[in-house]
Amino acid sequence: MAITIKFQSENKQFHLSNKDISYIFQLSEDGKLLQLYYGKKVPQNRDYSYLIEMHHRPMTTYRKDGDLLYSLEHLKQEFPEYGTTDFRHPAISIKQANGSNLTNFTYKSHQIITGKKTLEGMPATYVENEQEAKTLLLTLEDQLLGVEIELSYTLFDKFPVLTRNAKVVNNGVNVQSIEQVASLSVDLPDRDYDWMQLSGAWGRERYVKERKLQQGIQSIESTRGISSHQHNPFVALKRENTDEFQGEVIGATLVYSGNFLMQAEVDTWDVTRLQAGINPFGFEWKLQPGESFTSPEAILVYSDKGLNHMSQTFHQLFNEHLIQKNWYKKDRPVLLNNWEATYFNFNENKLVNIAKQAKNVGIDLFVLDDGWFGERNDDSAGLGDWFTNKKRLPQGIGNLARKIKSLGLQFGLWIEPEMVNKNSDLYRNHPEWILHTPDRKSNHGRNQFVLNFGNDEVVENIFQQISAIINESELDYIKWDMNRPLTNVFDINLDANQQGEVFHRYVLGVYKLYEKLIRNHPNVLFESCSSGGGRFDAGMLYYAPQTWTSDDSDAIERLKIQYGTSMLYPLSSIGAHVSITPNHQTNRITPIETRANVAYFGAFGYELDLNQLSKDELEKVKEQIKFYKKYQSVIHNGTFYRLVSPFEKDQNHMTWIVVSKDQSTAIVGDYKMLNKVNQPYRRVKLQGLNPDIEYKIDDSTYSGKELMNVGLITSDASSGQINDQNNRAETYDFDSKIWVLTQLEEH
Ligand code: DGJ
């Protein structure tokens, strides 16, 4: 095993390293954790205490009487507290019975274990084989309170990855209020970073946005109860010269699906404190004596080879150590979802007719979206009643399922288990089950209210209902949607002083239901969704290996969305469908080739009424599905590189490539937004190929070296005068092209 975690007792230094990275910290004389180094691997068995710099600085405060040097304000730390000489934001804040927030956590003990612990009730990366990871469990203690914090640091064998989390244990006699507990806190020695985040809104999720770090705080967060469309729980700190292909970058994410905060605080001496965890806003957890609280897992990825390498690390880690093992490397079914095909306007006949055509073109899985249950004839009723809508499907959902399956298709259903309409039996029977504040009006979103998933009775009721439907219809797939943020967040079953727990308890309830469903129905493939990509996060991926990326299904809009999403999420998780034109979100008309060329780089499917397509288009669809099935394992399990960004350069093109692990096959996707004339000739240097082999592209051959150093010519007729009568293929707005590179067989 290439991982070593060492404690040098002579200088009290912890040095964690694998083949790529080192993470070093040291105990101060009074047991505080001082961060020394995080980055590319450096030798172990050395003393790095020279990295602790303490100079006397006016207007600071000191830890020891009579001493003018030891101030936490001057020191880089691992798990800081506020108010005992450090003035930056803390990693832990506990309010005590006397009203004080001051704590004094110091080193108590540590343990190094092979493998990795699971987090109770929460998703996290895992190892199957203990040799794949090593973990340092380090216990801090506040003796006055009798409270311990167990910090866990896991290094993986194969990746430049460090995962962290914190568990607070109350061994004392008093109740403690946790007001903040960060999953990750690390002080970096300078601020020479560009902060990159993935932000946006419904329909334009995860756009790449950047800014320079400055003295002060820069942060992203969610206050909506879900990880949100607005900010994805991901941030990268990259050096000024870092790009996709080279340079240093640190990427951080949280395995969490609720309110989060990710923040970089640059202090007055340019030290950058990077923190991630549950958002302290609206959070307060009462910890009774004998109880513990576990923070979500944070993941840190280090790359000195640019953003692509960071992303590839996340992709591999998520594929191999986060999604459920039974889905790893398993081909995903090509699906057809009826939402944009019919919306609520369907009956059994219509669905079966679409399904027949789906079978005909080679689709594997038919998914019936919203509208099949309760009194769901529009979006004002039915949520909460997870049994057949008899008006629409008089013979029952089981009957429809059997019909679809008898065509040779798999069958899947949409659910939105966390929600209820007032017009539903569930609400009529249990109006008290929604999140609401007594004597105040609750707010709706899309006519629906949020069930209190902190209440086990609610979770159990929904589990029983969904389980019955899975059994009745022998479901192969479930799309789990969530279409509004949380408001009126209050739990009538909790004490007044526990209301700060409700957001997190809600998330734990969602995880509980997912856990019960995937354990009881391990063969059901889950796709998570939240009005598109409002809950696209690592927490969800643990249960649902794919996510509906965005409600914006327009191929051109999807370029930016999927480009940003690929920063950390693997292609196998990025739900991407070919939809009808004019597109329902943008009214844009794009070629069906381009729609597929974009959707290939994800978990591929269709979202249209195939019966509306011409014969010619249906033939194309057949070919597309064949193509995808042939190359799906390259796309999902290969190494993905972003080559030309839609956010940079001319902002009119985008190119990416995925290369099979053995480098024998590669697929390049190249996309143009608008057609222009007299444009520069274009060539794109490819990445990840074997320099020493010959690749066949159409009827020509090129060496890997050529393609990576000279580039692939991607110019089209728009680099001249389009109608130049030179028999060049005409080009249009929204054109795209796929190149398949295959290793030339040696004869
Ligand atoms: C929002 C989802 O993102 C859509 O794909 C669709 O499932 C609708 N909800 C159905 O209400």
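Residues numbered from 1 in each chain as written. Predicted model: local features only at pLDDT ≥ 70, side-chain atom pairs only at ≥ 80, totals over all residues. Heavy atoms only, no water.

**Notes on the sheet that holds strand β3 (residues 21–27)**
Here comes step 1: Taken together, four strands build an open sheet; the order of strands is β1-β2-β3-β4 and the sheet is antiparallel. Both edges of this open sheet fall to β1 (4–8) and β4 (33–40), since each of them pairs with a single strand only. Strand-to-strand twist in this sheet, taken as the mean axis angle between neighbours without regard to direction, amounts to 10°.
Here comes step 2: Of the pairings in the sheet, the one linking β1 to strand β2 (residues 13–17) comprises five bridges and is antiparallel in character. Residue pairing for β2: T4 is matched across the bridge by S17. (Pairing = 2+ DSSP bridges. Helix = DSSP H or I, 4+ residues; strand = E, 2+ residues; numbered from the N terminus. Axes fitted to C-alpha atoms, helices over the stretch in contact; angles between N-to-C directions.)

**Some words on the site of the ligand**
Here comes step 1: Residues in close proximity to the ligand total 13 residues, the closest being D369, D370, K479, D481 and D551.
Here comes step 2: Between an oxygen atom of the ligand and a side-chain N or O atom of R446, the distance comes to 2.8 Å.
Here comes step 3: One nitrogen or oxygen atom from the side chain of W548 is found 3.4 Å from an oxygen atom belonging to the ligand.
Here comes step 4: Of the residues contributing to the shell around the ligand, the split by class is four nonpolar, three polar and six charged. (Near = heavy atom within 4 Å. Polar contact = N/O pair within 3.5 Å; in protein donor to acceptor, adjacent residues only side chain to side chain. Nonpolar A, V, L, I, M, F, W, Y, C, P; charged D, E, K, R; others polar.)

**Description of the UniProt feature "active site" (unreviewed entry) in the protein chain**
Here comes step 1: Feature annotation in UniProt places "active site" (unreviewed entry) on D481 and D551, given in this structure's numbering. Considering the C-alpha atoms alone, the annotated residues occupy 71 residues of sequence yet fold into one spot, their largest mutual distance being 11.5 Å.
Here comes step 2: With respect to the helices and strands, the residue D481 is situated in the loop between β26 (477–480) and α7 (502–520).
Here comes step 3: For D481, a relative accessible area of 6% corresponds to the buried category.
Here comes step 4: Apart from the residues lying within four places of it in its own chain, the contact partners of D481 are W414, I415, E416, P417, E418, C529, S530 and S531.
Here comes step 5: Here W414 takes part through its side chain, which lies 2.8 Å from a polar atom of the side chain of D481.
Here comes step 6: With respect to the helices and strands, D551 occurs in the loop between β28 (546–548) and α9 (555–565). (UniProt positions renumbered as here; feature names shortened; annotations may be inferred. Buried < 20%, exposed > 50% of the residue type's maximum accessible area, 1.4 Å probe, protein only. Contact = heavy atoms within 4.5 Å.)

**Some details on the packing of helix α3 (residues 348–361) against helix α11 (residues 615–637)**
Here comes step 1: Packing of α3 against α11 leaves a shortest axis separation of 9 Å and a crossing angle of 60°. On the basis of the axis angle, α3 is oblique to α11. Note on element contacts: α11 touches α3 through L618, V621, K622 and I625, opposite Q357, N360 and V361.
Here comes step 2: Taken together, the residues of the contact of α3 with α11 sort by class into four nonpolar, two polar and one charged. (Parallel < 35°, antiparallel > 145°, perpendicular 65-115°, else oblique.)

**Some details on the pairing of strand β7 (residues 133–142)**
Here comes step 1: Taken across its 10 residues, β7 has nine buried, putting it largely inside the fold.
Here comes step 2: Across 10 bridges, β7 lies against strand β8 (residues 147–156) in antiparallel orientation. The partner of T135 across the bridge, within β8, is T154.

**Considerations on the UniProt feature "domain: Glycosyl hydrolase family 36 N-terminal" (unreviewed entry) in the protein chain**
Here comes step 1: Under the UniProt annotation, "domain: Glycosyl hydrolase family 36 N-terminal" (unreviewed entry) lies at residues 31–288.
Here comes step 2: In the segment residues 31–288, helix accounts for 0% and strand for 46%; the C-alpha atoms at its two ends are 26 Å apart.

**Notes on α9**
Here comes step 1: α9 sits mainly inside the fold: nine of its 11 residues count as buried.
Here comes step 2: Buried within α9 are the following residues: A555, I556, R558, L559, I561, Q562, Y563, G564 and T565.
Here comes step 3: Of the residues flanking the start of α9, the one acting as N-cap is D554, its side-chain oxygen 2.8 Å from the backbone nitrogen of I556.

**Some details on the domain arrangement of the protein chain**
Here comes step 1: Domain annotation for the protein chain reports domain 1 (4–321), domain 2 (335–535 + 548–556 + 575–627) and domain 3 (643–743).
Here comes step 2: Each of domain 1 and domain 3 has a C-alpha centre, and the two are 41 Å apart.
Here comes step 3: At the interface, four residues of domain 1 touch four residues of domain 3.
Here comes step 4: Counting every contact that joins domain 1 to domain 3 gives zero salt bridges.
Here comes step 5: Between domain 1 and domain 3 we count zero residue pairs in polar contact (both at pLDDT 80 or more) in total. (Domains from an automatic or database assignment. Salt bridge = Lys/Arg side-chain N within 4 Å of Asp/Glu carboxyl O.)

**Thoughts on the pairing of strand β22 (residues 365–368)**
Here comes step 1: Residues L365 and V367 line one face of β22 and the alternating positions F366 and L368 line the opposite face, and both faces are buried.
Here comes step 2: Alignment of strand β21 (residues 335–337) against β22, held across three bridges, turns out to be parallel. Across the sheet, L336 pairs through a bridge with F366, a residue of β22.
Here comes step 3: The pairing of β22 with strand β23 (residues 410–415) spans four bridges and is parallel. Across the sheet, residue L365 finds its bridge partner in β23, namely Q410.
Here comes step 4: Running through helix α4 (residues 397–406), the crossover from β22 to the neighbouring parallel element β23 is right-handed. (Right-handed = clockwise from strand over helix to strand, strands pointing away.)

**Let's talk about the packing of aromatic side chains**
Here comes step 1: Summed over all chains, the structure comprises 41 aromatic pairs.
Here comes step 2: Pairing Y207 with F647 gives two aromatic rings, centres 5.6 Å apart and planes at 70°, and the pair type is edge-to-face. Here F647 lies in the loop between β31 (639–644) and β32 (653–659) and Y207 lies in strand β12 (residues 204–212), a separation of 440 residues in the sequence.
Here comes step 3: On the basis of relative accessibility, which here comes to 16%, the residue F647 falls in the buried class.
Here comes step 4: Geometrically, the ring pair formed by F453 and Y506 is tilted, given 5.8 Å between the ring centres and 45° between the ring planes. One end of the pair, F453, is in the loop between β25 (448–450) and α6 (456–473); the other, Y506, is in helix α7, and 53 residues separate them in sequence.
Here comes step 5: With relative accessibility at 1%, the residue Y506 sits in the buried group.
Here comes step 6: Cluster of aromatic residues (ring-pair linked, three or more members): F7, F14, Y23, F25, Y38, Y107, Y153 and Y302.
Here comes step 7: Over the ring of W269 we find R57, and its NZ or CZ is 3.9 Å from the ring centre.
Here comes step 8: For R558, the ring lying beneath its charged end belongs to W548, and the centroid distance is 4.7 Å. (Phe/Tyr/Trp six-rings, centres within 6.5 Å; stacked < 30°, edge-to-face > 60°. Lys NZ or Arg CZ within 6 Å of the ring centre and 35° of its normal.)

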